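Below are the chains, spelled out letter by letter.
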2 protein chains.
Amino acid sequence: MTRVEIVEVSPRDGLQNERTTLSTADKLELVDRARRTGARRIEVTSFVRPDRVPQLADAAEVATALPANGTDGIGYSALVLNVRGYERAVATGIREVTTVVLASDTFSERNQGMSTLDALDVVREIRGRGRVDGVKVAVTIGASFGCPFEGEVPEDRFTSVAAAVADLGADEVCLADTIGVAVPSDVETRFGILRELSPDVPMRIHLHDTRNTGVANAVAAVRSGVRALDASLGGIGGCPFAPGASGNVATEDLVYTLHRMGYDTGLDLGEAIAHAEWVTGKLGVPVSGRLAKVGGFPR
Amino acid sequence: MTRVEIVEVSPRDGLQNERTTLSTADKLELVDRARRTGARRIEVTSFVRPDRVPQLADAAEVATALPANGTDGIGYSALVLNVRGYERAVATGIREVTTVVLASDTFSERNQGMSTLDALDVVREIRGRGRVDGVKVAVTIGASFGCPFEGEVPEDRFTSVAAAVADLGADEVCLADTIGVAVPSDVETRFGILRELSPDVPMRIHLHDTRNTGVANAVAAVRSGVRALDASLGGIGGCPFAPGASGNVATEDLVYTLHRMGYDTGLDLGEAIAHAEWVTGKLGVPVSGRLAKVGGFPR
């Protein structure tokens, strides 16, 4: 059986886009529930400006409270957008960060206050710091499949950003469908480009189920050689550019499909459903994934 | 561009599983809205026992009110489960029926009061009548991917049912994921078997999005040579074996994915969304598809 890793991002991307802010204790319980589901990689928080993302203002408390990376077999990672965030993360004991470059300039300017090219410089600096500190640095290319401001991200634009990311030697490259517009053929094409540019880099995908393509894209990704998929218990998180939309593809939905297709994720579907119900209950939102409503098959 | 036909089944499978019964006039409006969306094949009703499916008790009135098949370029079809239903359908001018055999005996006994083998005899008789009357007969193999009572439908069981259906020379064979459990690898395997048994028969798929696999399965089907897909505006219909579940895969969700992958359905996404909103409003249920919440891309 091929092993496919689910990276549980509900504590970061999930909580970041919900109206209700969980207490630090509840966040730690969510991380623990992700661990009990079987996740071996968990994105626990984001070291960004608390005035921009107040839901994650307690990033340092959350990260500090976790077992030191490696001691319990779990890779706890954090999102960082600049060197300051990287330093704050590493100070808490985090040994794995994901940083982001957005594929379109307009989105990059709006989100990070700089062009894609300047953001690549920041990523390169973080990459260098990670080498020195022994911190794993994953790079996400945000809006790899479409931009909320510019619309289509042309293939040559994507290719040049991916080439720059390949050049800086990330430990992992993640293509993010930030606004949930990709279809399977897009996933195949763009991971094919990435694979060609960077034949050995581990590939990851970050999906939103905004247009009901999340599971289809996950299948396309896994069949294109991607071995790590971001997902969120209950599909929490919404989409900041589509009010009322569902969030990340639901962990439990991916587990159902991947297991039934013969992939091994190490996660337990029943646990995933239970914790999806817990976190959506805490947030006061409906479960966006579908498995929690009906259960697996066969029973 | 490869043409892929969407068979709009909301007037039949959609309405059949909803609590609210639409008036005959509203049903005819739904058919008309499907036509305005661009559908060229519409399953308009089901000639079954009104005590079993009261929502479609006015099957004859609906079918009689439609233009004679062919005169407006639309293929209006109806579901029939026995010769009596076939006769009632044909008497209204219907020139295309879908009949059903269930892949498992328990399901067949519960739903049709006879074994799969006996149901195959019924289908064979309808097939014969269709030849004489010049009525197109499609055969759906229900529960092709899993049974609500028996669980897994083993591959050899499926193969023997598919072989019997291939032998009787249906005009089209549809594999139905009646309870929404299939994953893409199942779709590929079972359509591969069907194609081998019946190299020339047009293949169709009937999907429920119960476990969020509808779009992924549609993509797998189209890539396996399937050229007709049942779908329902708004994803109405639910699943009789999973209370609270979503229904058929939503027409508008399929249109988004298929168009963005370069297939031509002839449908208009904006129209589909508008009519999905109309029919769910009439039924007083939420839209189950996702496109209606966020719209297409790029705008």
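Please read these numbers as outputs of a predicted model, since none were measured by experiment. (Residues numbered from 1 in each chain as written. Chains lettered and ligands numbered in written order. Predicted model: local features only at pLDDT ≥ 70, side-chain atom pairs only at ≥ 80, totals over all residues. Heavy atoms only, no water.)

### Things to note about the sheet that holds strand 7 (residues 203–206) of chain A
Residues and elements named next belong to chain A. We count it as follows: A pair of strands is labelled paired if DSSP reports no fewer than 2 bridges between them. Secondary structure elements follow DSSP: runs of H or I of four or more residues count as helices, runs of E of two or more count as strands, with numbering from the N terminus. Angles here are taken between N-to-C directions and fall from 0 to 180 degrees, while the axes themselves are lines fitted to C-alpha atoms, restricted in helices to the stretch in contact.
One closed barrel accounts for 8 strands, arranged 1-2-3-4-5-6-7-8; its pairing is parallel. Taking the axes of each pair of neighbouring strands and ignoring which way they run, one obtains an average angle of 30° across the sheet. Of the pairings in the sheet, the one linking strand 2 (residues 41–47) to strand 3 (residues 75–80) comprises 6 bridges and is parallel in character. By the bridge assignment, I42 is partnered in strand 3 with Y76.

### Concerning the packing of aromatic side chains
All names here are of chain A. Counted only if it meets this: Aromatic pairing here means that ring centres of Phe, Tyr or Trp (its six-membered ring) are within 6.5 Å. Orientation follows from the plane angle: under 30 degrees is stacked, over 60 is edge-to-face, and everything else is tilted. Any residue under 20% of the maximum accessible area for its type is buried, any over 50% is exposed, and the rest in between are partly exposed; the area is computed with a 1.4 Å probe on protein chains only.
According to the stated counting rule, one finds 2 aromatic pairs over all chains in the structure shown. A ring pair is formed by F107 and F149, whose centres lie 5.6 Å apart and whose planes are at 70°; its orientation type is edge-to-face. With F107 in helix 5 (residues 105–112) and F149 in the loop between strand 5 (136–142) and helix 7 (155–167), this residue pair connects regions lying 42 residues apart in the sequence. On the basis of relative accessibility, which here comes to 33%, the residue F149 falls in the partly exposed class.

### Side note on the interface of chain B and chain A
Under the convention used in this document: In what follows, a contact means two residues having at least one pair of non-hydrogen atoms within 4.5 Å. Accessible area, probed at 1.4 Å, shrinks when two parts are joined; the buried area is that loss added up over both. Each reported salt bridge corresponds to a side-chain nitrogen of Lys or Arg within 4 Å of a carboxyl oxygen of Asp or Glu. As used in this structure description, the phrase polar contact means that two N or O atoms lie within 3.5 Å; if the pair is within protein, one of them must be able to donate a hydrogen and the other to accept it, and residues adjacent in sequence are counted only when both atoms belong to side chains. Residues were grouped as follows: Ala, Val, Leu, Ile, Met, Phe, Trp, Tyr, Cys and Pro as nonpolar; Asp, Glu, Lys and Arg as charged; and all remaining residues, including Gly, as polar.
At the interface, 41 residues of chain B touch 41 residues of chain A. Roughly 3,200 Å² of surface becomes buried between chain B and chain A when both sides are summed, with 52% attributable to carbon and sulfur atoms. Contact with chain A buries area across many residues of chain B, yet R211(B), N212(B) and R290(B) alone supply 24% of it, more than any other trio. Our count for the contact surface shared by chain B and chain A stands at 8 salt bridges. The closest approach of N and O atoms between R260(B) and D186(A), which form a salt bridge, is 3.7 Å. Seen at the junction of chain B and chain A, the total is 18 residue pairs in polar contact (both at pLDDT 80 or more). Secondary structure elements with two or more residues in the side of chain B that touches chain A: helix 8 (184–197), helix 9 (214–223), helix 10 (251–260) and helix 12 (291–294) of chain B. Each residue belonging to the side of chain B that touches chain A can be placed in one class, and the counts come to 18 nonpolar, 12 polar and 11 charged.

### Let's talk about the relation of the copies chain B and chain A
For clarity, the threshold we go by: A least-squares fit on C-alpha atoms brings the copies together, and the residues used are those whose pLDDT is at least 70 in both copies.
Once turned by 180° and shifted 0.0 Å along the axis, chain B lies on chain A with an RMSD of 0.0 Å. Expressed as a symmetry operation, the mapping of one chain copy onto the other fits a two-fold axis. Across chain B, the smallest distance between a C-alpha and the rotation axis is recorded for A216(B), namely 1.9 Å. A symmetric contact is evident, with 100% of the interface residues of chain B recurring at the interface of chain A.

### Considering the side chain of T213(B)
Mapped onto the fold, T213(B) is located in the loop between strand 7 (203–206) and helix 9. Taking relative accessible area as the criterion, T213(B) reaches 0% and is therefore assigned buried. In this view, T213(B) contacts Y256(A), T257(A), A182(B) and V183(B); residues no more than four positions away in its chain are not counted.

### Considering the environment of C239(B)
Residue and element names in this part refer to chain B. Considering the arrangement of structural elements, one finds C239 in the loop between strand 8 (228–231) and helix 10. What makes C239 buried here is its relative accessible area of 7%. Each C-alpha atom, one on C239 and one on L15, is 11 Å from the other, the two residues being 224 residues apart in sequence. With near-sequence residues (within four places) excluded, C239 lies in contact with T178, I179, T210, A245 and S246.

### Quick look at helix 2 (residues 24–37) of chain A
What sets the pattern is the α-helix's 3.6 residues per turn: residues three or four places apart point alike. Residues and elements named next belong to chain A. Formally: Residue count minus one, scaled by 1.5 Å, sets the expected span of a helix. The arc refers to the directions leading from the helix axis to the C-beta atoms.
Given a rise of 1.5 Å per residue, 14 residues ought to cover 20 Å, and the 20 Å separating the end C-alpha atoms of helix 2 matches this to within 8%. Looking only at helix 2, the buried set comprises D26, K27, L30, V31, R33, A34 and T37. One side of helix 2 carries all its buried residues, which in axial view fall inside an arc of 160°. Downstream of helix 2 by one or two residues, G38 has phi in the positive range, about 115°.

### Quick notes on the sheet that holds strand 4 (residues 96–102) of chain B
All names here are of chain B. Pairing is parallel around the closed barrel formed by 8 strands, whose spatial order is 1-2-3-4-5-6-7-8. Looking at each pair of strands side by side, their axes are set apart by 30° on average, direction ignored. With 4 bridges joining them, strand 5 (residues 136–142) and strand 6 (residues 172–176) adopt parallel strand pairing. Note on strand 6: the bridge partner recorded for A138 is E172. Its contacts with the sheet place helix 8 against strand 6 and strand 7, and it is angled at close to 150° to strand 7.

### Brief notes about the pairing of strand 7 of chain A
Residues and elements named next belong to chain A. Condition: A right-handed crossover is one whose linking path, passing over the helix from the first strand to the second, runs clockwise when the strands point away from the viewer.
Here strand 7 shows a buried face lined by M203 and I205 and a second buried face lined by R204 and H206. Where strand 6 (residues 172–176) lies against strand 7, 4 bridges are found, and the strand directions are parallel. When the sheet's bridge partners are listed, L175 is paired in strand 7 with I205. A crossover connection joins strand 7 to the parallel strand 8 (residues 228–231) through helix 9 (residues 214–223); in handedness this β-α-β unit is right-handed.

### What to know about the packing of helix 7 (residues 155–167) of chain B against helix 8 of chain B
Residue and element names in this part refer to chain B. Applied cut-off: Handedness of a crossing follows from how the near helix is turned relative to the far one, being left-handed for an anticlockwise turn of less than a right angle and right-handed for a clockwise one.
Following both chains from N to C, one finds helix 7 and helix 8 inclined at 35°, their axes separated by 10 Å at the closest point. Judged by the twist between their axes, the crossing of helix 7 over helix 8 is right-handed. Where helix 7 approaches helix 8, its residues E155, F158, T159, A162, A163 and A166 are matched on the opposing element by T189, R190, I193 and L197. When the residues that make up the contact of helix 7 with helix 8 are grouped by side-chain class, the tally is 6 nonpolar, 2 polar and 2 charged.

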